[in-house]
Amino acid sequence: MGKTRIRGIGRCIPSNVVTNDDLSGRMDTTDEWIQQRSGIQQRHHIDSDCGAADLGAEAAREALERAKTRLEEIDCIVFATLSPDYDMPSSACVLQSRLGLTGVPAFDVRNQCTGFLYGLTVADSFLQSGRYGKVLLVGGEIHSTGLDFTDRGRQVAVLFGDGAGAAVLERGPSDDRGILSTHLHSEGSFAEKLWLEAAASRGETRLDEEMIAGEDPKIFPKMQGRYVFKHAVTRSIEAIREAVEANGYSVDDIDLLVPHQANLRINQAVAMTLEFPEEKVVNNIQGLGNTTAATIPLALYDALEDGRLTEGQLVCLVAFGAGFTWASALLRW
Ligand code: COA
């Protein structure tokens, strides 16, 4: 048996499109500012009562179909999300129930923008050790119900969108194709540079009246944007170099770079510093915004659909996010 392969990818994007102009009707922002600073033109927000697991389940069904895999063949579910349906139980368990798959282990990976790559590493380890045969890995987020759409929250609220991507993983035959290596890092001393403080177990009470009234900024994500931007560029570059060097390659050998989608300018700065051609970088933030744990499977999905991702290519995945955490993976597709 060989390396771990992504057999099929699926996605679910809510149909409700929210343009930059829609947002400028709700807060003090403009289409020009958002596009210039982030590259984002629109994002999708749910417009009905649903959770991350609902989006994830739809993405999972498509991934299973594309992988030509029956639901019953899945023997582990990993769900990467920062916006779980509930504090407990895990969204993985909710998704398991939505899919109608009983008994197999299901758990969440709460690692924000690097969640999919952390989940990929966990799944790869399970598969390579022989513990499980097929793993369903899902990245799913609903941001729109947790953002501050007043002027106070404009720096963050314009960036994020809802969506889910899913992948079916299994070991392939003994050849060079599959996951070559993954690389994970974190530095918790930067936790407060990008965080969501409440509702949480720390503190006298998880929810007080101010929070319930939506008046306490602690209930919304906060970010030191410029600080995060600089670290994202530096760490992404490090992680890409680490992935190629670990496998005896150079950056020039990468056929397709699939980065996390936090800001188009971050991905452009990474490509420019590495002198890596921009046409080999997959970006879809323009239409989706930042969907955190879902960005990488959604970008892979797009690259497969538009024919940029083809068999035999050397593909590098990279992500950076809250924690700080950063991660990369190198695959022979
Ligand atoms: N619309 C209009 N103006 C806005 C705005 C908005 N949505 N958000 C902030 N501004 C204003 C600020 O108030 C500030 O005004 P001032 O100069 O009068 O003080 C000005 O725009 C510049 O703000 P700043 O935050 O310095 O802008 P920026 O160029 O750094 O861009 C981000 C902001 C958030 C787009 C950018 O910093 C970023 O992408 N950071 C990293 C995101 C990331 O990687 N996240 C990690 C993974 S989730």
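Residues numbered from 1 in each chain as written. Predicted model: local features only at pLDDT ≥ 70, side-chain atom pairs only at ≥ 80, totals over all residues. Heavy atoms only, no water.

J.: Before we go on, may I ask you to explain the pairing of strand S7 (residues 163-171) in this structure?
T.: Residues in a regular strand point their side chains to alternate faces of the sheet. S7 sits mainly inside the fold: eight of its nine residues count as buried. Taken together, the eight bridges between strand S1 (residues 4-12) and S7 define a ladder with antiparallel strand orientation. Looking at S7, one finds that glycine 10 is bridged to alanine 166. (Buried < 20%, exposed > 50% of the residue type's maximum accessible area, 1.4 Å probe, protein only. Helix = DSSP H or I, 4+ residues; strand = E, 2+ residues; numbered from the N terminus. Pairing = 2+ DSSP bridges.)

J.: When you look at the sheet that holds strand S4 (residues 76-80) in this model, what are you seeing that I'm missing?
T.: Consider a sheet: its strands pair through backbone hydrogen bonds, and that pairing is either parallel or antiparallel. Here five strands make up an open sheet; going across it, the order is S1-S7-S6-S4-S5 and the pairing mixed. A single partner strand is all that each edge strand has here, and the edge strands are S1 and strand S5 (106-109). When the angles between neighbouring strand axes are averaged without regard to direction, this sheet yields 20°. In this sheet, S7 lies alongside strand S6 (residues 134-141) in antiparallel orientation, the contact comprising eight bridges. Opposite glutamate 141, over in S7, you have glycine 163 as the bridge partner. Running over the sheet, helix H3 (residues 52-66) touches S1, S4, S6 and S7 and is turned about 130° from S1. (Axes fitted to C-alpha atoms, helices over the stretch in contact; angles between N-to-C directions. Contact = heavy atoms within 4.5 Å.)

J.: Where do I start with the sheet that holds strand S13 (residues 325-332) in this structure?
T.: Taken in spatial order, the four strands of this open sheet run S8-S13-S12-S11, and their pairing is mixed. Taken across any chain shown, the strands that pair with only one partner, and hence form the sheet edges, are strand S8 (178-186) and strand S11 (256-259). In this sheet, adjacent strand axes meet at a mean angle of 15° when their direction is disregarded. Judged from the four bridges that link them, S11 and strand S12 (residues 314-321) form a sheet pairing that is parallel. In the sheet register, valine 258 faces S12, and the bridge partner there is leucine 317. Along the sheet face, helix H11 (residues 295-305) touches S11 and S12 and points at about 145° away from the line of S11.

J.: Explain the domain arrangement of the protein chain to me, please; I cannot follow it from the model alone.
T.: Where interface size is quoted, it is often the accessible area lost as the parts come together. Split into domains, the protein chain comes out as domain 1 (4-171) and domain 2 (178-332). For domain 1 versus domain 2, the separation of C-alpha centres amounts to 14 Å. Facing the 50 residues of domain 1 at the interface are 49 residues of domain 2. Counting each side, the surface lost to burial between domain 1 and domain 2 is near 3900 Å², with a carbon and sulfur contribution of 62%. Counting the contacts that link domain 1 with domain 2 gives two salt bridges. For arginine 11, the salt bridge identified is with aspartate 302, shortest N-O distance 3.3 Å. Where domain 1 meets domain 2, there are 22 residue pairs in polar contact (both at pLDDT 80 or more). Where the side of domain 1 that touches domain 2 is concerned, the elements lending two or more residues are S1, helix H2 (31-38), strand S3 (42-44), H3, helix H5 (115-129), S6, helix H6 (154-157) and S7. (Domains from an automatic or database assignment. Buried area = accessible area lost by both parts, 1.4 Å probe. Salt bridge = Lys/Arg side-chain N within 4 Å of Asp/Glu carboxyl O. Polar contact = N/O pair within 3.5 Å; in protein donor to acceptor, adjacent residues only side chain to side chain.)

J.: How should I be thinking about the environment of leucine 207 in this particular structure?
T.: Locating leucine 207 in the fold gives a position in the loop between strand S9 (194-195) and helix H7 (209-212). On the accessibility criterion, leucine 207 (46% relative accessible area) is partly exposed. Each C-alpha atom of the pair leucine 207 and alanine 166 lies 33 Å from the other, and the pair is 41 residues apart in sequence.

J.: Would you explain the site of the ligand in this entry?
T.: Neighbouring the ligand are 21 residues; Thr29, Arg37, Gly225, Arg226 and Asn263 lie closest to it. Looking at the shell around the ligand, the elements that each hand over two or more residues are H2, H6 and helix H8 (225-246). Examining the composition of the shell around the ligand, we find that four residues originate from one element, H8, more than from any other. Looking at side-chain class alone, the shell around the ligand contains twelve nonpolar, five polar and four charged residues. (Near = heavy atom within 4 Å. Nonpolar A, V, L, I, M, F, W, Y, C, P; charged D, E, K, R; others polar.)

J.: Hey, could you run me through the pattern of salt bridges in this one?
T.: Pairing between side chains becomes possible if they bear opposite charge and their charged atoms approach one another. This model, assessed by the stated rule, comprises 17 salt bridges. The closest approach of N and O atoms between aspartate 175 and arginine 5, which form a salt bridge, is 2.7 Å. Residue aspartate 175 is located in the loop between S7 and S8, and its partner arginine 5 is located in strand S1; the two are separated by 170 residues in the primary sequence. A residue is classified by how much of its surface remains accessible, and aspartate 175, at 31% relative accessible area, is partly exposed. Between lysine 218 and aspartate 216 there is a salt bridge, and its shortest N-O distance comes to 3.4 Å. Exposure remark for lysine 218: the relative accessible area of 32% places this residue in the partly exposed category. By sharing partners, the salt bridges in this structure join Arg7, Arg70, Glu72, Glu73, Lys134 and Glu170 into a single network.

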